[in-house]
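# Fold and contact review
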Amino acid sequence: AFWARHTPHARRAEARAALIAEQRARLDRLLVAGAIEPREMRRLMASLAAGLEVGATRAAVLPLAPAPPTSFRAMPGGLRPPGSTLIAGWQHGTPGLMDRANRLRADGQVVTVLRLSPTALYHRVAFAATGLWVQTGGVWGRARRDEPLVRVTTLAARTEVEAARIAPLRGVGGQLSR
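Residues numbered from 1 in each chain as written. Predicted model: local features only at pLDDT ≥ 70, side-chain atom pairs only at ≥ 80, totals over all residues. Heavy atoms only, no water.

It is worth spelling out the overall build of the protein at this point. Helix and strand content of the protein: 5 helices and 5 strands. Counted from the first residue to the last, the protein has its helices and strands arranged as α-α-α-β-α-β-β-β-α-β. When each of the 178 residues of the protein is scored for burial, the buried share is 26%. Sequence separation of at least 24 residues holds for 47% of the intrachain contacts in the protein that already meet a minimum separation of 6. (Helix = DSSP H or I, 4+ residues; strand = E, 2+ residues; numbered from the N terminus. Buried < 20%, exposed > 50% of the residue type's maximum accessible area, 1.4 Å probe, protein only. Contact = heavy atoms within 4.5 Å.)

Okay, here's the thing in structure tokens:
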């Protein structure tokens, strides 16, 4: 049914042959590995053939998908918005942190808020409904699975590390705010 909707009629036989060959090769690997028995391979191939037949009969009434109305257009100003800022502070005890972040977001900036606690909690990142990236966790905790469980550092040093880590993702560069 998918092929009837998205594949020109002249290429359907080729697509069918490729699918059967791919599935036979996969089942051959499973057979050699001892994961299935020969009778299971025969049953699965017969099931594939039956499914292809049913799909071919159902697909006869489906028209080809229409061409898109317009082509994709480039995003104005490149791939990233012009400004991207990282604001960091303590989870509790940094007054106005979120207010400042929301003001920057309202000005069109991509804003990442780093709210850390004096713990070794793992970091979590979420995209808030307000349009902010919010990263929480402990200043001594790990942000990636390949990092040590605990690292001795300061809030300022950890902010620099996180800014460098997320720079390729969100364009955070020299604009750090604490």
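This brings us to the pattern of salt bridges. Enumeration over the complete set of coordinates arrives at 10 salt bridges. Two residues, arginine 16 and glutamate 53, come together in a salt bridge whose shortest N-O distance is 3.0 Å. Remark: glutamate 53 occurs in helix H3 (residues 38–59) and arginine 16 occurs in helix H2 (residues 12–32); sequence separation between them is 37 residues. Overlapping salt bridges bring together Arg144, Asp146, Glu147, Arg151, Arg158, Glu162 and Arg165 as one network. (Salt bridge = Lys/Arg side-chain N within 4 Å of Asp/Glu carboxyl O.)

The topology assignment puts leucine 52 in helix H3. On the accessibility criterion, leucine 52 (13% relative accessible area) is buried. Taking the C-alpha atoms as reference points, leucine 52 and arginine 16, separated by 36 residues in sequence, lie 8.1 Å from one another. Excluding residues within four positions of it along the chain, leucine 52 makes contact with Trp3, Arg16, Leu19 and Ile20.

This model, assessed by the stated rule, comprises 1 aromatic pair. The ring centre of tyrosine 122 lies 4.8 Å from the NZ or CZ of arginine 142, which sits over that ring. (Phe/Tyr/Trp six-rings, centres within 6.5 Å; stacked < 30°, edge-to-face > 60°. Lys NZ or Arg CZ within 6 Å of the ring centre and 35° of its normal.)

A separate point is helix H5 (residues 155–170). The α-helix winds at 3.6 residues per turn, so residues separated by three or four positions along the chain end up facing the same way. The largest bend along H5 measures about 30 degrees and falls at alanine 164, with the proline proline 168 one to four residues further on. Within H5, the full set of buried residues consists of Leu155, Arg158, Thr159, Glu162, Ala163, Ile166 and Arg170. (Bend = angle between axes of the 7 residues up to and from the residue.)

Moving on, we get to the pairing of strand E4 (residues 133–138). Both strand E2 (residues 110–117) and E4 contribute to a ladder of 6 bridges, which runs parallel. By the bridge assignment for E4, leucine 114 is matched with glutamine 135. Where strand E3 (residues 124–127) meets E4, 4 bridges bridge the pair, whose relative direction is antiparallel. Bridge pairing links valine 125 to glutamine 135 in E4. Hairpin connection of E3 to E4: 5 residues between the antiparallel strands, including glycine 131 at a positive phi of 90 degrees. (Pairing = 2+ DSSP bridges.)

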